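Chain by chain, the residues run as shown.
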Amino acid sequence: MISLPEKHALFLGCLIPMMFPQIELSARKALAELEVECEEIEGFTCCPEPWNFKGTDLQGWLKVASANLKKADDKDMTITTLCNGCSATLKEARKIEGGDRMPLHAVELLYRDLGIEKIKATVKKPLEGIRVAVHYGCHLLRPSKVFKTDNPFTPLFLDELVEALGAVSVDYQDKMQCCGRASSADEIKTGLAKRKIENVEEADADCIVVTCPACFEQFDLGQLLINRKFSENHGIPVFHYFQLLAVAQGFKPEDLGFGRHRMDVEKVFA
Amino acid sequence: MELDLKFRNELPELEEAGKTVLCFQCGSCVADCPASSFSAGFNPRKIVLGIILGDRELVGAGSPIWECTTCYTCAEVCPQEVSPTEAITALKNVSTEKGTAPENVRDIAEAIKSTDSVIAHNKKIESMRAELGLDSAISREGGVIRSILSGE
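The rules behind the values
- Residues numbered from 1 in each chain as written.
- Chains lettered and ligands numbered in written order.
- Predicted model: local features only at pLDDT ≥ 70, side-chain atom pairs only at ≥ 80, totals over all residues.
- Heavy atoms only, no water.
- Patch = residues over 30% accessible without salt bridge, like charges linked within 9 Å, V, L, I, M, F, W, Y side chains within 5 Å.
- Areas by Shrake-Rupley, 256 points an atom, 1.4 Å probe, with all protein chains shown as cover.
- Salt bridge = Lys/Arg side-chain N within 4 Å of Asp/Glu carboxyl O.
- Lys, Arg positive; Asp, Glu negative; His and termini not counted.
- Charge placed at Lys NZ, Arg CZ, Asp CG, Glu CD.
- Helix = DSSP H or I, 4+ residues; strand = E, 2+ residues; numbered from the N terminus.
- Buried < 20%, exposed > 50% of the residue type's maximum accessible area, 1.4 Å probe, protein only.
- Pairing = 2+ DSSP bridges.
- Contact = heavy atoms within 4.5 Å.
- Axes fitted to C-alpha atoms, helices over the stretch in contact; angles between N-to-C directions.
- Right-handed = clockwise from strand over helix to strand, strands pointing away.
- Buried area = accessible area lost by both parts, 1.4 Å probe.
- Polar contact = N/O pair within 3.5 Å; in protein donor to acceptor, adjacent residues only side chain to side chain.

A. Representation of a positive patch on the surface within the structure. Taken together, the side chains of Arg228, Arg260 and Arg262 of chain A together with Lys124 of chain B present a region of like positive charge at the surface. Mapping Lys124 of chain B onto the fold places it in helix H6 (residues 123-131). The class for Lys124 of chain B is exposed, based on a relative accessible area of 67%.

Shown next as structure tokens:
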């Protein structure tokens, strides 16, 4: 084991373990490969989710988030999430309520605590030639005064993490645009996803990389819905960062549950 | 339009909604707003103006506040450090208290309060996890959030 400054409690949230467990599978394999020990804590609930729950009950949202933070504090652990929404809620609650252990997204753990060289050292099958469109997702970066992750408009750290795998991070139009998932207006929700997919295609990218299950659903299932609604034929594979990391570390794509994706991913690794 | 300058004092302070009074209507928030680019009815500058002037229609049924994607772009670009995203969240809370929040939003929030999860836990989820060799450590019985909220 390498010595980390903090003990990490893996906060899975709802969507990843219950809708996209293939993301959890890759994350567990990849973190183990990096010798990061993430312990489980019993009794975590929904973070709670920062649009509908927070939008209807701010005080309740803060109470429940604080209860989740306390469960990790009591064990002297720092919460690590795989979801932008979870990290947004828990970081903001921490800022409001105070306390030393600022929760973090697992990609921040990789970049900040482990470092690029440590990631590179575990890469056995570099993703050479794969063109990746990086989508940070709003709640990984903003509000920047709370998160202090990276520049809220021209971040680099996720691009660097992608390139550490041997892939190329391609630039594309409106790269920092929101996925649209949290809007209740269909023209906004669908419009933003469609524009993102078209911009990614325009840049000739092989896949999209996200760090959030909501963005993942918006683009993966979203392309299926856009294809039906507009009689189009989009098919850009979508990955959570940890899925690409696991493949680069040498885990076989067929063992990582990619069959659960709506957009076929096989062509990326062919 | 009926206006009530005291309306802004009714917004929950948790979200720094009080800072909206500093807005000088430059429109930077609209220029970069992804929601505004698809919906002419959604305009964060006008929403903030509505808060300052006290337009209670903002918390009425069919208000555009629910169209916000909560991306916080407006908050990042605002030269006055106003956060329209947070102000909108505060408006949503008042709308919920008044009973004018969209039904699907209320349903999702209530479902989370009942099940402790965005998605109700079921056997299908467990078999899907088992297929991938993942254990069932995520089982949620429900009731935890309710007891936190009731202070038990």
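B. Seen up close, the sheet that holds strand S1 (residues 7-11) of chain A. Residue and element names in this part refer to chain A. As summarised here, the arrangement of the four strands in space is S2-S1-S3-S4, forming an open sheet in which the pairing is parallel. Pairing within the sheet leaves two strands with one partner each, and these edge strands are strand S2 (38-39) and strand S4 (104-105). Sheet topology places strand S3 (residues 77-81) next to S4; two bridges connect them, and they run parallel. Along S4, the bridge assignment pairs Thr80 with Leu104. Across the sheet, helix H4 (residues 58-73) is in contact with S1 and S3; its angle to S3 comes to roughly 125°.

C. Highlighting the pairing of S3 of chain A. All names here are of chain A. Burial of S3 is extensive: five of the five residues sit out of reach of the surface. The alternating pattern of S3 places Met77, Ile79 and Thr81 and Thr78 and Thr80 on opposite faces, both of which are buried. Direction of pairing for S1 relative to S3: parallel, over a ladder of five bridges. In the sheet register, Phe11 faces S3, and the bridge partner there is Thr81. In this fold, the crossover linking S3 to S4 by way of helix H5 (residues 84-97) has right-handed handedness.

D. Geometry of the interface of chain A and chain B. Across the boundary between the two partners, chain A contributes 56 residues, which contact 49 residues of chain B. Approximately 4,500 Å² of surface area, both sides summed, lies buried where chain A meets chain B, with 67% of it carried by carbon and sulfur atoms. Interface area lost by chain A to chain B is led by Met18, Thr56 and Leu58 of chain A, which between them contribute 16%. As a salt-bridge pair, Asp57 of chain A and Lys113 of chain B come within 3.0 Å of each other at their nearest N and O atoms. Scanning the region where chain A abuts chain B turns up 16 residue pairs in polar contact (both at pLDDT 80 or more).

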